Structures are given as structure tokens and as C-alpha cells.
Amino acid sequence: MLDDFVTRALLAGIGVALVTGPAGCFVVWRRLAYFGETIAHSALLGVAIALLADIPLVGGIFGCAALIVLTIFFLEGRDVLPTDTLLGMFAYGGLALGLVVLAFFPNVRFNLNGLLFGDILAVSRTDLVIVWGGGTVALAALWRIWRPLLLATVDVDLASVAGLRPERASLAFGLLMAAIIAVAIKIVGVLLIVALLVIPPAAVRRLSRSPEGMAVRAAAAGVLAVVGGLLASSEFDTPSGPSIVVAALALFAITRIRRPGAAGLRD
């Protein structure tokens, strides 16, 4: 069964969606889409480091992304520059630096198109182990910081008074996003991973009456987007990663059609 590349692609996509859905809820609630873009763009520098150091791509991407997350949190605490300026600097600086570093080593080969837009149909059994193993750990970590992170999202001062250390939870979530993006980049790529973090939670926001319910529905919406995107890709011979994102957009459009009496979490 696992010898079928379509089956592996489905399993990999579903594994990623089950993690990006719940994690993406906090991206939506805390307005961290640009933060996610910064981590994703820095992935190219992580790829360059991994190739030059001869280490797994996931390790190189996560190491680089984690370093950037720590640096951003450090500079934010010292009020060096506005947050959006810091994010823009690291997002495009990391992307450019990665390309420049790779240009100095012309004999190093890698699939730039696959990195940017994903290559889910080339997922291997090893990739499946990484996606599902890493996803399980990520969900466990998210569950561990769920309460302090949720309370800090609602009211940072209240979380501090309750002794939940919201700064530590926010930093842990930043590192968790770095890990999720490192694992998921092969599925939808640098340019589309944040879409998978943002669109499914946004699609189910109106349908949810509690944060936990929204997390479950976001995961389900992500799975539907993966299945629908892969089916559409197979039917119309379109790129798989972008097709998944388009399927997620279709779900968003459907759920934005107002129904009389519909109620959910506020936008």
C-alpha cells in the first residue's frame, strides 16, 4: 500500500493538516501570519546550511528558523525596532542570504521549485515517519502550552497575574512553528506553508463556538483541503501544493456564505 506514491502523498498531507490546523488557530487569533512568513522564508538559508553541512534538510531548516525566532524575541524585548520591521528584515534577508550562499557553491544541487511550492508526490516512507512522528510531538507540545498561550492571547496581563508565564509560552509557540514549518515545507513549500496555517482556521472560525472546537474543525478543514487538492491535481494535472491551497480557499469561500442565525467566534 505504501508503495503507491499517491497514498504516501495523502498520508503526508493529512499528517501535516492535523498539526497545521490547531497551530494555525493561534496564528489567526494572534495575527502571526507575517511571523510565519518570516520563518518560512528563512527556510532557504536553512536549506543552504543543511546542504553545505551535509545534514538532513529538516534539521537545517529547523535550526535556522529556531535561531531566527530566538533572535526576533530577543530584539523585541530590547525594543530595537518595530516588530513588523524586524520580521520583514529577517524574512527577505534570510531568503536572499540563502540564495547568495548557494550561489557560491554551483556544484550543490537542489530542487528550488519543490522547495518553493512543495513536492508532496515525492514523499518517501522516511518523510512519512518524520511528518507523523514530528506531528505527534508537535501536537503534544501544543496541548502542553494551550492554556497559557490561549489566556495570553485573550489578555497578557491576566495570564501574568495567573502565573502562567505568557512570554515563555509565546516563545515555545514560536519554536513550535519553526518545527512545523521545517517538517511541512516538502509538502506545500516555502511560499504556501503559511496558507495552510491560516486558511483552514479562518474557514472554520464562524462555525466554531469554542477555541478547542475551532482547533478540531481547522484540522478537519485542512484534511479536506489536502484530499480535495490532490484529487483536483490528479484530475486536472495541476501542481499538487498550489492545488491544496486552492482547495482550502474554496472551503473558506463556502464557509463565508452567511447562514441565518449562524454564530461562532468573532472575527
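Above this note sits the structure.
Attention in this report is confined to the structure presented alongside it. (Residues numbered from 1 in each chain as written. Predicted model: local features only at pLDDT ≥ 70, side-chain atom pairs only at ≥ 80, totals over all residues. Heavy atoms only, no water.)

Section: the environment of Val-80
For step 1, the next point in the chain: Summarising the element assignment, Val-80 is placed in the loop between α4 (57–77) and α5 (83–103).
For step 2, the next point in the chain: Sequence separation between Val-80 and Phe-35 is 45 residues; the distance between their C-alpha atoms is 17 Å. (Helix = DSSP H or I, 4+ residues; strand = E, 2+ residues; numbered from the N terminus.)

Points about the packing of helix α10 (residues 193–204) against helix α12 (residues 240–255)
For step 1, the next point in the chain: Remark: α10 packs on α12, axes separated minimally by 8 Å, with the N-to-C direction vectors making an angle of 20°. In terms of orientation, α10 lies roughly parallel with respect to α12. Considering the relative orientation of α10 and α12, their crossing is left-handed. For the pair α10 and α12, the contacting residues are Ala-195, Leu-196, Ile-199, Ala-202 and Ala-203 in the first and Ile-244, Val-245, Ala-248, Leu-249, Leu-251, Phe-252 and Thr-255 in the second.
For step 2, the next point in the chain: Looking at the contact of α10 with α12 residue by residue, the classes come out as 11 nonpolar, 1 polar and no charged. (Axes fitted to C-alpha atoms, helices over the stretch in contact; angles between N-to-C directions. Parallel < 35°, antiparallel > 145°, perpendicular 65-115°, else oblique. Left-handed = near helix turned anticlockwise from the far one by under 90°. Contact = heavy atoms within 4.5 Å. Nonpolar A, V, L, I, M, F, W, Y, C, P; charged D, E, K, R; others polar.)

Brief notes about the environment of Val-227
For step 1, the next point in the chain: Structurally, Val-227 is set in helix α11 (residues 211–236).
For step 2, the next point in the chain: Placed 111 residues apart in sequence, Val-227 and Leu-116 show a C-alpha to C-alpha distance of 21 Å.

Considering helix α3 (residues 43–53)
For step 1, the next point in the chain: Taken together, the buried positions of α3 are Ala-43, Leu-44, Leu-45, Gly-46, Val-47, Ala-48 and Ala-50.
For step 2, the next point in the chain: Residues of α3 that are buried make contact with α2 (33–41), α4, α5, α6 (112–117) and α9 (166–188).
For step 3, the next point in the chain: Backbone geometry just after α3 places Asp-54 at a positive phi near 55°. (Buried < 20%, exposed > 50% of the residue type's maximum accessible area, 1.4 Å probe, protein only.)

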